[in-house]
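If you want the building blocks of each chain, they are given just below.
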Amino acid sequence: MRKTQLLLLLLTSVTLQAQLLRPTQFSLESADSVYSGLIGSSISDIAGVGDTLWLGSGHGLSATFDRGESFVGYSSRYPDLGQGGVSALVVYGDTLWVAMGFDTTTAFGDLKAGGGISRSIDGGASWTFLGQPMDELQVAVMDGDTTYGKYSKLDLWGVTILSVDVVTPVQNITYDLAFDGERLWATSFGGGLRVSSDLGDTWEKVMLPWDKFDVLDSVMIHSLQLDTLELDTISLDEDNLPAAATYYALDPLIHLNHIAFAVKAWSDTIWVGTSGGINRSLDGGESWEHFTFQNSNISGNWVIALNRQTLDDGSERIWASTITTGAGDATGFSFYDSETGYWRAPLLGSRVWNIGSEPNAVFAATDEGLWKTRDGLNFVLLPNYHNLDYSEVIYSDAVYSVLINNDGAIWVGTGDGLAVSNNGGLSWDIHKARSTVGGDDFYAYPNPFTPRYDKLLNGQGHLIIRFVADQGDEISITVFDFAMHRVNTVMDATPTQYAGSQELTWNGRNESGYLVANGTYFIRIEVGDDMHWTKVMVIN
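Here the structure is a predicted model, which means the values were calculated and not measured. (Residues numbered from 1 in each chain as written. Predicted model: local features only at pLDDT ≥ 70, side-chain atom pairs only at ≥ 80, totals over all residues. Heavy atoms only, no water.)

**Some remarks on the overall build of the chain**
Per the secondary structure count, the chain includes four helices and 42 strands. Counting contacts in the chain only where the partners sit at least 6 residues apart, residues at least 24 apart contribute 54% of the total. Summing over all exposed atoms, the chain offers an accessible surface of approximately 22,700 Å²; the carbon and sulfur share of this is 48%. (Helix = DSSP H or I, 4+ residues; strand = E, 2+ residues; numbered from the N terminus. Contact = heavy atoms within 4.5 Å. Areas by Shrake-Rupley, 256 points an atom, 1.4 Å probe, with all protein chains shown as cover.)

Structural data, given as structure tokens:
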């Protein structure tokens, strides 16, 4: 349809690329036949409390009901879950909502699409698919010609304004969800901020301040005299609408502050991060304050993550992750100083994917790893993650999600699995998705393998080679090219210290230290007198 194509074209012209905001690629293929336990090793979201925690990945949803002793996987093949991987997740007791997203190819290139929101009211035992929050396409036929409407009408304190209708899931992926006990809030790239008062069955658009305005309230709306435009009585023919009407519309194509990414909500307090700053409402979303780099010192105007920290004295501190828009602001980490009404930016230069907190500490999940601060001003970078005997190692510099459980345990989602610490980060338990294809215990992943990008640890890529052995077995692992010439010896007749499933890695280089060429490579795994083969495609 012409109207849908026009909207897609306009959305893709926005310079802020929404598809860069999530660390994983979403998959339409179910992981049910590939993984047991954790459904995917790239953990982009963690939510829940106590024994029950939920983990989102590009392959779907996982849950643990016993604090990580075991995991259950859900994917898009599970009844009434949406398409793709998890893009947003919120848990409220036994009720949870999961937003899904997937990569799709369009005439305008590869884009992300919203795969819908699903709800469970019984702790994941059953699900209801709610669909992707969108507007209804307005179709009119006059004299045999079909036209499609661009705008609908929205009432603000008795004043009618225009609102762009978003009628496609493409470039309309849901990036965050929040539940305040009564209302469900959702943010999306194309669809902006929406609220549901019936647990997600129906949605209403929520107006945020226009880019150049610091507030949105009744006094400001009436001072603009928009009611003189008499939009209630005129046709919404976009060719004849007054310029003021279209400028003061709810329109993500004009106002960056209408492109929403992050939301936190409790009682009547709502914080929303957008491409044009941060917005706060203290009256349930009726009126808003608008904080920007220009008016309140936040590190950047493009806000992709928010966190509510409750301090020991019962007060609250809001943390925000920002990305530079190229207008003098910065990528970094900020918190709101309620005493001054301004933001402080103690950590600059780090892209923060996710934020976790407890009364005495805040954790920032970044591409460099997990930063921790106790005073909000000074940060330390936690070391890499492995269990006590190094038989399990997280091969990922980047950390994508973090949650501090009510028992003090730190849950860290990375590009190579989950790390859990019960002693403040001194030691870790490691959990990863495991292949069960054909029951094979000998395999290598990721496959295909890109050494410059996959499983980066200390700046170097890793192909993970899994095998099973008894303690004391001699292990030899050798890599050959397609012509069966030896490329590298990963291990040569070395007794293993462990029993059971374990792993070694290859960095994609030959014995001279150079990256190998693109192609198919064979890996020979010798465990004592037993020999196993697997192959991998290398793509640089």
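After that view of the structure, there is still more to cover.
**A short note on the pairing of strand 19 (residues 260-266)**
Among the seven residues in strand 19, six count as buried, and that is most of the element. Between strand 19 and strand 20 (residues 269-274), which pair antiparallel one after the other, the connecting turn spans two residues, and serine 267 there sits at a positive phi close to 50°. (Buried < 20%, exposed > 50% of the residue type's maximum accessible area, 1.4 Å probe, protein only. Pairing = 2+ DSSP bridges.)

**Comments concerning the sheet that holds strand 6 (residues 85-92)**
Pairing in this open sheet of four strands is antiparallel, and the strands run 6-7-8-9 from one edge to the other. Here the strands that pair on one side only, and so sit at the sheet edges, are strand 6 and strand 9 (128-131). Between one strand and the next, the sheet's axes are offset by a mean angle of 25°, whatever the strand orientation. (Axes fitted to C-alpha atoms, helices over the stretch in contact; angles between N-to-C directions.)

**Comments concerning the confidence of the model for the chain**
When pLDDT is averaged along the chain, the result is 88, and 89% of the positions lie at 70 or above. When mean pLDDT is compared element by element in the chain, strand 20 scores highest at 98, while helix 1 (residues 2-12) scores lowest at 45. Long-range and interchain partners of residues 1-35, a stretch whose pLDDT sits below 50, account for 107 contacts in this model, where long-range means more than four residues apart. (pLDDT = per-residue confidence, 0-100.)

**Points about the side chain of arginine 183**
Among the structural elements, arginine 183 can be located in the loop between strand 14 (174-179) and strand 15 (184-188). Assessed through its relative accessible area of 16%, arginine 183 is described here as buried. A polar atom in the side chain of arginine 183 sits 3.1 Å from the side chain of aspartate 268. In contact with arginine 183, other than residues within four places in its own chain, are Ala178, Val195, Ser196, Ser197, Ser267, Asp268 and Gly284. (Polar contact = N/O pair within 3.5 Å; in protein donor to acceptor, adjacent residues only side chain to side chain.)

**A look at the sheet that holds strand 32 (residues 410-414)**
Ordered in space as 31-32-33-34, the four strands form an open sheet in which the pairing is antiparallel. Edge positions in the sheet fall to strand 31 (399-404) and strand 34 (429-431), since each has one partner strand and no second. Neighbour-to-neighbour, the strand axes of the sheet open up by a mean angle of 20°, direction not taken into account. Here strand 31 runs beside strand 32; their pairing, made up of five bridges, is antiparallel. Looking across to strand 32, one finds that serine 401 is bridged to glycine 413.

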